[in-house]
Amino acid sequence: MTSDWPAVDQQLDRWLAMDPHASRTQQLRNRGDFSYAVTPEIAELTPQISQPQQADADQTLAAVREFDEATAAWGIPFASVLLRTESASSSQIENLTASARRIALATLGDTSSRNASMIARNTSALRAAIDLADNISPNTIRAMHERLDGGDDPANTGRFRTQPVWIGGSSPVTAQYVPVHHLQIGPAIDDLVAFIRRDDLQPLVQAAIAHAQFESIHPFTDGNGRTGRALVSSILRRRGVAPHMSVPISSGLLGDTGAYFTALSEYRMGHIEPIIDQFGAAARRAIANARILRGDVSEVRRAVLTTAQRGTHNLMVIADLCGSEPAFNAAMLAERDVPSASAYRILARLREHNIVRQERPIAGAMVWTVPGLTSALDRFAERAGRRTFIQS
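What counts, and at which threshold
- Residues numbered from 1 in each chain as written.
- Predicted model: local features only at pLDDT ≥ 70, side-chain atom pairs only at ≥ 80, totals over all residues.
- Heavy atoms only, no water.
- Phe/Tyr/Trp six-rings, centres within 6.5 Å; stacked < 30°, edge-to-face > 60°.
- Helix = DSSP H or I, 4+ residues; strand = E, 2+ residues; numbered from the N terminus.
- Buried < 20%, exposed > 50% of the residue type's maximum accessible area, 1.4 Å probe, protein only.
- 1 Å grid on protein atoms, 1.4 Å probe; cavity = no way out; pocket = protein on both sides within 12 Å on 5 of 7 lines; lining within 4 Å.
- Points joined across faces, edges and corners; volume = space filled by probe spheres on them.
- Nonpolar A, V, L, I, M, F, W, Y, C, P; charged D, E, K, R; others polar.

Some thoughts on the packing of aromatic side chains
Pairs of aromatic rings are described using the distance from one ring centre to the other and the angle between the two planes.
Argument step 1. Counted according to the given criterion, the structure contains ten aromatic pairs.
Argument step 2. Look at F160 and F220: their rings are 5.3 Å apart centre to centre, the planes differ by 40°, and that puts the pair in the tilted class. Residue F160 is located in the loop between helix 6 (138-147) and helix 7 (185-196), and its partner F220 is located in the loop between helix 8 (203-217) and helix 9 (224-238); the two are separated by 60 residues in the primary sequence. Taken as a pair, F160 and F220 share a single burial class, namely buried.

Things to note about the layout of surface pockets
Argument step 1. Considering only enclosed or pocket space, the largest pocket measures out at about 590 Å³ in volume.
Argument step 2. Around the largest pocket sit 23 residues that line it, and I167, H218, F261, L264 and R268 are the ones nearest its centre.
Argument step 3. Contributions of two or more residues to the lining of the largest pocket are made by helix 9 and helix 11 (257-268).
Argument step 4. Looking at the lining of the largest pocket residue by residue, the class counts come to seven nonpolar, ten polar and six charged.
Argument step 5. In this structure, the second largest pocket encloses a volume near 260 Å³.
Argument step 6. Lining the second largest pocket are 19 residues; nearest its centre among them are A88, A98, A100, I103 and A381.
Argument step 7. Every element with two or more residues in the lining of the second largest pocket is listed here: helix 3 (78-93), helix 4 (100-107), helix 5 (114-131) and helix 16 (371-384).
Argument step 8. Sort the elements by how many residues they give to the lining of the second largest pocket and helix 3 lands first, with five residues.

Structure representation (structure tokens):
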């Protein structure tokens, strides 16, 4: 394994804070010298990777582009479905899980499931990442985090941290990793943004390294993993790799999160190959899984259309809605210019065929879920969590 990439350096410091609730032994163990990370400047560096790895990254990008074009030509708003899968998978890496139905209801305002609400906010962060892809900056990174509502620290949403954080352990002294000092976050993010804005790098390699650098900086008190993976979607959109969809990289990483976290650690030691390999394998797994999902979505839409002898415009609109939104309300039908009388008539028929299910009102609005689509999303998540799966 080569080490041409600069490793994360360490700066010695001393931690004297005490947890008043800890025992004296624990207090003594968690006081003393520790080292925090000093990330290298990478704005002007060019990754040197082997020819086989370069070819592998190029082939992966070609597969992603092909799937993106095929999805756009399909004519169904499949990008919305993929955005949801990426949000759920990225959250699952952080041990946040909920059923697709619960997440869909949370997106419409249901607050009965905390996990589902947090995953729904991650979907909003991903949408921000896509919307802001043309102008990635420190401000847009903060905006992505703001949509996430700060993760477990809503008081600091959209703000770079002004305090130390650490990963593992009860203090920086016993931590597995201590990210950069909060006073160094601004310059470190500026350097990272300059690297992201380059157009002379292989996009998948660029995204993998940018993600690892972001996680090494760890600029927020919480929500760094989800924001960092949203940033990957932003980079790939900016580089034109997938202009029509969000590549569900996180679903590919789920198959072996241990290898993913190990690759991040290897990056900090100056080894970029593992994280590039992980992103390439994740993208290929994600596309294979998404192809299965696309077939399931097509079946949901077909089921809607077969409930009537004639495919009217309003039926086609609702079929597309059922194939892209696992939960919807009357306002979403109105946005698509479906008259209320026609919409309720079609939905009544779909309920008879068990294609839609009427839920409890949310904020006074009628809500329907699409069991076929929520089941398809749950199966996607189940496949993503396996090391291997059979593509049908």
